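# Examination of the molecular architecture
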Amino acid sequence: MAVLAALPAPVLPSAAVAYVHYLSFMVCFGALVLERRLIRADPSREDATLMVITDVVYGIAALALLLSGIARVLHFGQGSAFYTENPLFWVKVGTYVAVGALSLYPTITYILWAIPLRKGELPQVSEALAGRLRWILNIELVGFAAIPFLATLMARGVGLAG
Ligand code: HEM
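Owing to the predicted nature of the structure, the values given are computational and were not obtained by experimental measurement.

### Details of helix 2 (residues 11–38)
- Helix length check: helix 2 (28 residues) gives 40 Å between terminal C-alpha atoms against 40 Å at 1.5 Å per residue, within 8%.
- Taken as a whole, helix 2 has its buried residues at Val17, Ala18, His21, Ser24, Cys28, Ala31, Leu32, Glu35 and Leu38.
- Packed against the buried residues of helix 2 are helix 3 (45–76), helix 5 (87–102), helix 6 (104–118) and helix 7 (127–155).

### With respect to the nonpolar core
- Grouped together as the largest cluster of nonpolar side chains are 25 residues, with contacts concentrated most on Cys28, Ile39, Tyr58, Tyr110, Trp113 and Phe144.
- Of all the secondary structure elements, the ones that give two or more residues to this core are helix 2, helix 3, helix 5, helix 6 and helix 7.
- Discounting residues that sit within four places of it in the chain, phenylalanine 144 has contacts with Phe25, Cys28, Phe29, Leu32, Tyr58, Leu65 and Val99.

### Here's the deal with the coordination of the iron atom of the ligand
- Distances from the iron atom of the ligand to its protein donors, namely His21 (NE2) and Lys92 (NZ), fall within the range 1.9 to 2.1 Å.
- Between the six donor atoms coordinating the iron atom of the ligand, the angles at the centre fall across 82 to 178 degrees, so the site counts as octahedral. Note that histidine 21 is positioned in helix 2 and lysine 92 in helix 5, a separation of 71 residues in sequence. For the pair histidine 21 and lysine 92, a shared accessibility class is recorded, and that class is buried.

### Quick look at the site of the ligand
- Around the ligand sit 23 residues in total, of which His21, Gln78, Tyr83, Lys92 and Arg156 are the nearest.
- Measuring from a nitrogen atom of the ligand, one finds a side-chain N or O atom of histidine 21 at 2.8 Å.
- In this structure, lysine 92 approaches the ligand through a side-chain N or O atom, which is 2.5 Å from a nitrogen atom.
- When contributions to the shell around the ligand are tallied by element, the ones reaching two or more residues are helix 2, helix 3, helix 5 and helix 7.
- The biggest single contributor to the shell around the ligand is helix 7, with seven residues.

Scoring rules and cut-offs
- Residues numbered from 1 in each chain as written.
- Predicted model: local features only at pLDDT ≥ 70, side-chain atom pairs only at ≥ 80, totals over all residues.
- Heavy atoms only, no water.
- Helix = DSSP H or I, 4+ residues; strand = E, 2+ residues; numbered from the N terminus.
- Expected span 1.5 Å × (residues − 1).
- Buried < 20%, exposed > 50% of the residue type's maximum accessible area, 1.4 Å probe, protein only.
- Contact = heavy atoms within 4.5 Å.
- Core = buried A, V, L, I, M, F, W, Y, C linked by side-chain atoms within 4.5 Å.
- Donors = N, O, S within 2.8 Å, 3.2 Å for Na, K, Ca; no water.
- Tetrahedral: all angles 85-135°; square planar, octahedral: opposite > 155°, others 65-115°.
- Near = heavy atom within 4 Å.
- Polar contact = N/O pair within 3.5 Å; in protein donor to acceptor, adjacent residues only side chain to side chain.

Structural data, given as structure tokens:
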């Protein structure tokens, strides 16, 4: 406790927000890996239900990732200009937005699965649909793997003029 008491006041909230940023990133990535592993034509009731739940968890974690990122820019980082003046920051944000836009298609698909599942029926998933979802998940995983690299460069000022 003496160690905590000796810390300057803003350190703990800043560490907590950074932790939420990393944790939500890990949850997003884990959820995408699980969805990628589960997706197949005509899934079982258990797998389809797990997909729907996993996507809800993914959505909540993606929101926490965004909010903790914004909090770091505005309050807990190296000053908002340090980020907004760096093109790499905008590439990072753009990649996040692109991955988010891409995940709308799977998300809407899983929401529609919830309708038959609630009636005790199985969703109709063709091989073509499963293949499309597989590809979208592959691209999302590559995007999510690339963002931390952009983040590590951005945090060290790479990309800033002068
Ligand atoms: C629009 C959404 C996002 C914003 C506004 C944002 C913002 C930030 C900020 C301000 C930092 C602190 C950098 C510093 O220490 O100076 C940071 C660090 C980091 N972010 Fe994000 N972030 C976002 C999304 C993401 C996503 C989607 C990921 C992962 C897929 C991610 C991974 C990281 C990592 C790994 C770091 C640590 C970098 C380091 O300290 O070396 N961020 N982010």
